[in-house]
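Structural overview for review
The residues making up each chain are set out below.
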Amino acid sequence: MEYSSDDVAAARSLQFATRVHASMATFWIYDYGCSLDEEWSFLLRSQWSKVKGLYIVTRYLPFVLLTSNLYLSFNPNDNPGRCQVFDDIDSGIGIVSVVFSEFFFILRTYALWNKNRILLISMLSIFFTFVGASVGVSFATIAPATSATSAIPGITGCYQSSTSFPLLIPILLLSVFELGLMILTLIRAIQSWRIYPSRLYVVLVNHNIFYYVCGLLFSVTNIFTLLFLKYSYHTLLYDFQFMILAILATRMHLHLWQVNRHAPRSGALVRIPISDLSSVNSML
């Protein structure tokens, strides 16, 4: 039986997506294994707080996300409707994951600005407005008919048969929000660099800027793939971005906790606002 060029291209994209998802799972397991000793030291020695709970959820959500990806990639499924259900679940887990990752940096920005409550309320209001818009656009504009499976036997997985322009909205909103946080961090760093010369403060600012730059780069890449690629290629990096942001957020928090543990207790450290959402030290 002969297949069209579109069928062959779609099958190849699904095979490539399966390899990428397997590679993502391998990378996450490798990263977890490399940081296992440090992570359990943090979990056992640090005091329990809301931020510690945030860390645990953010750290292990990618495991659920990757499990969903692998199931969707390797499980034979000829029902596009069922495929869409699993794709929606996957999208929902990804959005929740990035929400928790971003929340770390909302708290860090709040800490850098000396617990300015007006700023915190403004950031949370904008953030949850963007989240609501992203959820609405992601789930309300995707019809079950857009899900498709390969016409070639033996090729597992499914993809969006139509372009996913609505998926651009969450990426664009995330980029705008991260750009705003980066500007706030830079403004505060310029204002307070000489006031708080401690290593903890420098690490905090460097972490924030690096996270935002990585997030923006991934967003630009996702926008490119959504606009110019087809089949399963155009949403391939969506979950990869969510996983990397979660790894960066938790790794950076772990590093900040270690720096705080080994830093001398000087007055500069005490004056920097992370124990329970109330200061740089109190966030750890």
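Residues numbered from 1 in each chain as written. Predicted model: local features only at pLDDT ≥ 70, side-chain atom pairs only at ≥ 80, totals over all residues. Heavy atoms only, no water.

Summing up its helical and strand segments, the protein has nine helices and two strands in all. Ordered by position from N to C terminus, the α and β elements of the protein give α-α-α-α-α-β-β-α-α-α-α. Carbon together with sulfur atoms contributes 68% to the accessible area of the protein, which is approximately 13500 Å² in total. (Helix = DSSP H or I, 4+ residues; strand = E, 2+ residues; numbered from the N terminus. Areas by Shrake-Rupley, 256 points an atom, 1.4 Å probe, with all protein chains shown as cover.)

Before going further, it helps to spend a moment on the confidence of the model for the protein. Mean pLDDT for the protein: 79, with 78% of residues reaching 70 or above. The low-confidence segment residues 266-279, where pLDDT is below 50, has 51 contacts with residues more than four positions distant or belonging to other chains. (pLDDT = per-residue confidence, 0-100. Contact = heavy atoms within 4.5 Å.)

Further remarks concern the pattern of salt bridges. According to the stated counting rule, one finds three salt bridges in the structure shown. Between Asp31 and Arg59 there is a salt bridge, with its nearest N and O atoms 3.1 Å apart. Pair noted here: Asp31 is in helix α1 (residues 5-34) and Arg59 is in helix α3 (residues 50-74), with a separation of 28 residues, a long-range link. For Arg59, a relative accessible area of 3% corresponds to the buried category. (Salt bridge = Lys/Arg side-chain N within 4 Å of Asp/Glu carboxyl O. Buried < 20%, exposed > 50% of the residue type's maximum accessible area, 1.4 Å probe, protein only.)

Bringing unusual backbone geometry into the picture now. Both trends apply: most residues other than glycine have a negative phi, and most peptide bonds are in trans. Positive phi, close to 55 degrees, is recorded for Asn114, a residue that is not glycine. For Asn114, the location among the structural elements is in the loop between α4 (80-112) and α5 (117-140). For Asn114, a relative accessible area of 35% puts it in the partly exposed group.

Side chains of Phe224, Leu227, Phe228 and Leu229 sit close together on the surface and give an oily, nonpolar patch of about 400 Å² of accessible area. A relative accessible area of 48% means that Phe224 is categorised as partly exposed. (Patch = residues over 30% accessible without salt bridge, like charges linked within 9 Å, V, L, I, M, F, W, Y side chains within 5 Å.)

This next bit is on the packing of aromatic side chains. For the coordinates displayed, the defined rule picks out 12 aromatic pairs. Residues Phe42 and Tyr55 carry aromatic rings whose centres are separated by 4.8 Å and whose planes lie at 65 degrees to one another, so their mutual orientation is edge-to-face. With a gap of 13 residues between them, Phe42 in helix α2 (residues 36-45) and Tyr55 in helix α3 connect regions that are remote in the sequence. Given a relative accessible area of 1%, Phe42 falls into the buried group. Looking at Lys52, its charged tip hangs above the ring of Trp48, at a distance of 4.2 Å from the centre. Lying across the ring of Trp113, Arg188 places its NZ or CZ 5.3 Å from the centre. (Phe/Tyr/Trp six-rings, centres within 6.5 Å; stacked < 30°, edge-to-face > 60°. Lys NZ or Arg CZ within 6 Å of the ring centre and 35° of its normal.)

What follows deals with the packing of α1 against α3. Running from amino to carboxyl end, α1 crosses α3 at an angle of 155 degrees, the nearest separation of the two axes being 9 Å. The orientation of α1 relative to α3 falls into the category roughly antiparallel. The crossing of α1 and α3 is left-handed. Residues Thr18, His21, Ala22, Met24, Ala25, Trp28, Asp31 and Tyr32 of α1 form the contact with α3, whose participating residues are Arg59, Tyr60, Pro62, Phe63, Leu66, Asn69, Leu70, Ser73 and Phe74. For the contact of α1 with α3, a count of residues per class yields 11 nonpolar, four polar and two charged. (Axes fitted to C-alpha atoms, helices over the stretch in contact; angles between N-to-C directions. Parallel < 35°, antiparallel > 145°, perpendicular 65-115°, else oblique. Left-handed = near helix turned anticlockwise from the far one by under 90°. Nonpolar A, V, L, I, M, F, W, Y, C, P; charged D, E, K, R; others polar.)

As for its position among the elements, Ser41 is in helix α2. Residue classification places Ser41 among the buried positions, given a relative accessible area of 18%. Once the C-alpha coordinates of Ser41 and Gln258 are considered, the two residues, 217 residues apart in sequence, prove to be 9.8 Å apart. Filtering out sequence-adjacent residues up to four positions away, Ser41 remains in contact with Ser46, Trp257 and Arg261.

Between α2 and α3, whose axes approach to 11 Å, the crossing angle comes to 150 degrees. The angle between α2 and α3 places the two elements in the roughly antiparallel class. Of the two possible hands of crossing, α2 and α3 adopt the one that is left-handed. Residues Glu39, Phe42, Leu43 and Leu44 of α2 form the contact with α3, whose own contacting residues are Lys52, Tyr55, Ile56, Arg59 and Tyr60. By residue class, the composition of the contact of α2 with α3 is six nonpolar, no polar and three charged.

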